[in-house]
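Examining the three-dimensional arrangement
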Amino acid sequence: MDLEQVLERMPRVRRQSSHELVAAVLREAITTGVLRANAPLPQDEIAAQLRVSHIPVREALRQLQSEGLVTYQPNRGATVTALSADEIREIYEIRAILETAAIRDAAPLLEADELTRAEAILDAAEAATDGATWGTLDVDFHRLVYHLDGRPRLRELIDGLLRRVDRYWLSHGLMLRHRAEFESEHRALLGALRARDAARAADLLGRHLAGASELLITELDTNPPPAAASRSRTPVA
C-alpha cells in the first residue's frame, strides 16, 4: 500500500481537513484499484504514510464505511469492501433505474455542442491505451449525456453507486478487455441521442448496464479477490 504515490497523483484541490484528505486518498486508492477488495487498512500504516494522527484516519474510515467502500468487523479491522455477485447485480439494477431515468429526461435537452463533446470523448476513449484513462473517459461520457449539472442529488447517487463497482473493472484489468463491446454500445447510445429518441436511448443504456453487470460477475467468479486475513486492529468506531 503506497498512499504517498496516490496522493502525489491526485489533483490539488481546496484546503481540506485531515480526515477529508485521508478519505480522499483512500477513496482514490480504492476506486482506481490500487487497493483491491479485502485489502487490509491498518490505521498505523495509513497514519504514518499520510503523516497524520490516528484520529483523522478513524474518521476517514467511518466516512468510507458510510459510502460502502470500507468494511469493519471486530478482531479483523478495516478492509476494502468486497461485493458478492448478488450485491453487484443489485447495484447495477439500481443504477439502471436511476440512469435510464436520467438519460430519458436528458435526451430532448442535450445541445448540439454537448453531443459534439460526447463524440469527442468517445474518440479519445477509443484511442486510449490504458484502462485508467479509458475508465475516466467512460465516466465523463455518461455524466455528460445524463445532463446532471442541475441535478446534484441524482449525480451524487449515481456517482456513489459507480464507485462501488467501477473499482473492480480497474483492479482486475477488465476495462480494455471488453472495450470493443462497450465502445460499440456507446456509439449506438450516442446515435439514439442525436436522433432525440429517448425511449431507444434508455433501452440501449439498460441493456448496456445489464450486460456489464453479468460480465463483471462472470469475471470475478473466475478470478475472485483474495479473502481477508483475520487479524486484530484498532476499531474504526
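Residues numbered from 1 in each chain as written. Predicted model: local features only at pLDDT ≥ 70, side-chain atom pairs only at ≥ 80, totals over all residues. Heavy atoms only, no water.

Another aspect to go through is the pairing of strand S2 (residues 77-80). Judged from the 4 bridges that link them, strand S1 (residues 70-73) and S2 form a sheet pairing that is antiparallel. Among the inter-strand pairings, Tyr72 is bridged to a residue of S2, identified as Ala78. (Pairing = 2+ DSSP bridges. Helix = DSSP H or I, 4+ residues; strand = E, 2+ residues; numbered from the N terminus.)

Note on placement: Ile30 falls in helix H2 (residues 18-31). Given the relative accessible area of 0%, Ile30 is considered buried. Sequence separation between Ile30 and Arg163 is 133 residues, and the spatial gap between their C-alpha atoms is 8.7 Å. Apart from residues lying up to four places away in sequence, Ile30 is in contact with Leu35, Leu69, Val70, Val80 and Arg167. (Buried < 20%, exposed > 50% of the residue type's maximum accessible area, 1.4 Å probe, protein only. Contact = heavy atoms within 4.5 Å.)

A word on the confidence of the model for the chain. Chain-level statistics for the chain give a pLDDT mean of 88 and a share of 91% at 70 or above. Below a pLDDT of 50 lies the segment residues 230-237, which in the model reaches 27 contacts outside its immediate sequence neighbourhood of four places, other chains included. (pLDDT = per-residue confidence, 0-100.)

Before going further, it helps to spend a moment on empty space enclosed by the protein. In total, this model carries 3 cavities of 30 Å³ or more according to the counting rule given. Together, 21 residues line the largest cavity, and Arg95, Asp138, His142, Leu162 and Asp166 are the ones closest to its centre. Sorting the residues of the lining of the largest cavity by element identifies helix H5 (85-106), helix H7 (131-146), helix H8 (152-171), helix H9 (179-194) and helix H10 (198-222) as the ones contributing at least two each. Tallied by class, residues from the lining of the largest cavity come to 12 nonpolar, 3 polar and 6 charged. Roughly 40 Å³ of internal volume is contained in the second largest cavity. Around the second largest cavity, the lining residues are Ile121, Leu122, Ala125, Glu126, Leu137, Asp138, Phe141, Glu183 and His186. Those elements giving two or more residues to the lining of the second largest cavity turn out to be helix H6 (112-127), H7 and H9. By residue number, the principal contributor to the lining of the second largest cavity is H6, which donates 4 residues. (1 Å grid on protein atoms, 1.4 Å probe; cavity = no way out; pocket = protein on both sides within 12 Å on 5 of 7 lines; lining within 4 Å. Points joined across faces, edges and corners; volume = space filled by probe spheres on them. Nonpolar A, V, L, I, M, F, W, Y, C, P; charged D, E, K, R; others polar.)

Further remarks concern the packing of H5 against H10. One can describe the packing of H5 onto H10 by two numbers: an axis separation of 9 Å at closest approach and a directional angle of 165°. Relative to H10, the element H5 lies roughly antiparallel. The two elements H5 and H10 cross, and the hand of that crossing is right-handed. Judged by residue contacts, Ala85, Ile88, Arg89, Tyr92, Arg95, Ala96, Glu99, Thr100, Ile103 and Arg104 of H5 engage Ala198, Ala201, Ala202, Leu205, Gly206, Leu209, Ala212, Ser213, Glu214, Leu216, Ile217 and Leu220 from H10. Of the residues that constitute the contact of H5 with H10, the class distribution is 14 nonpolar, 3 polar and 5 charged. (Axes fitted to C-alpha atoms, helices over the stretch in contact; angles between N-to-C directions. Parallel < 35°, antiparallel > 145°, perpendicular 65-115°, else oblique. Left-handed = near helix turned anticlockwise from the far one by under 90°.)

Once that is clear, we can look at H5. For H5, with 22 residues, the first-to-last C-alpha span of 31 Å sits near the 32 Å given by 1.5 Å per residue. Check the buried side of H5 and you find it contacts H7, H8, H9 and H10. (Expected span 1.5 Å × (residues − 1).)

On to the nonpolar core, then. Ranked by internal contacts, the top residues of the largest apolar core, which has 49 residues, are Trp169, Leu193 and Leu216. Where this core is concerned, the elements lending two or more residues are H5, H6, H7, H8, H9 and H10. In terms of residues, this core owes the most to one element, H10, which gives 11 residues. What Leu216 contacts, discounting residues up to four positions off in sequence, is Ile88, Tyr92, Val165, Tyr168, Trp169 and Leu174. The next biggest cluster of nonpolar side chains, apart from the first, holds 25 residues, and it includes Val22, Val57, Leu64 and Val80. (Core = buried A, V, L, I, M, F, W, Y, C linked by side-chain atoms within 4.5 Å.)

Moving on: the pattern of salt bridges. In this structure the tally under the stated criterion is 15 salt bridges. Note that Arg155 is salt-bridged to Asp159, the shortest N-O span being 3.7 Å. Residue Arg155 and its partner Asp159 are both found in helix H8; the two are separated by 4 residues, about one turn of the helix. Look at Asp159 and you get buried, because its relative accessible area is 12%. In this structure, Glu183 and Arg179 form a salt bridge, with 3.0 Å as the shortest nitrogen-oxygen distance. Taken as a pair, Glu183 and Arg179 lie in helix H9 at a separation of 4 residues, close to a single helical turn. Its relative accessible area of 14% is what places Glu183 among the buried residues. Counted as one network, the salt bridges with shared partners bring together Glu119, Asp123, Glu126, Arg187 and Arg194. (Salt bridge = Lys/Arg side-chain N within 4 Å of Asp/Glu carboxyl O.)

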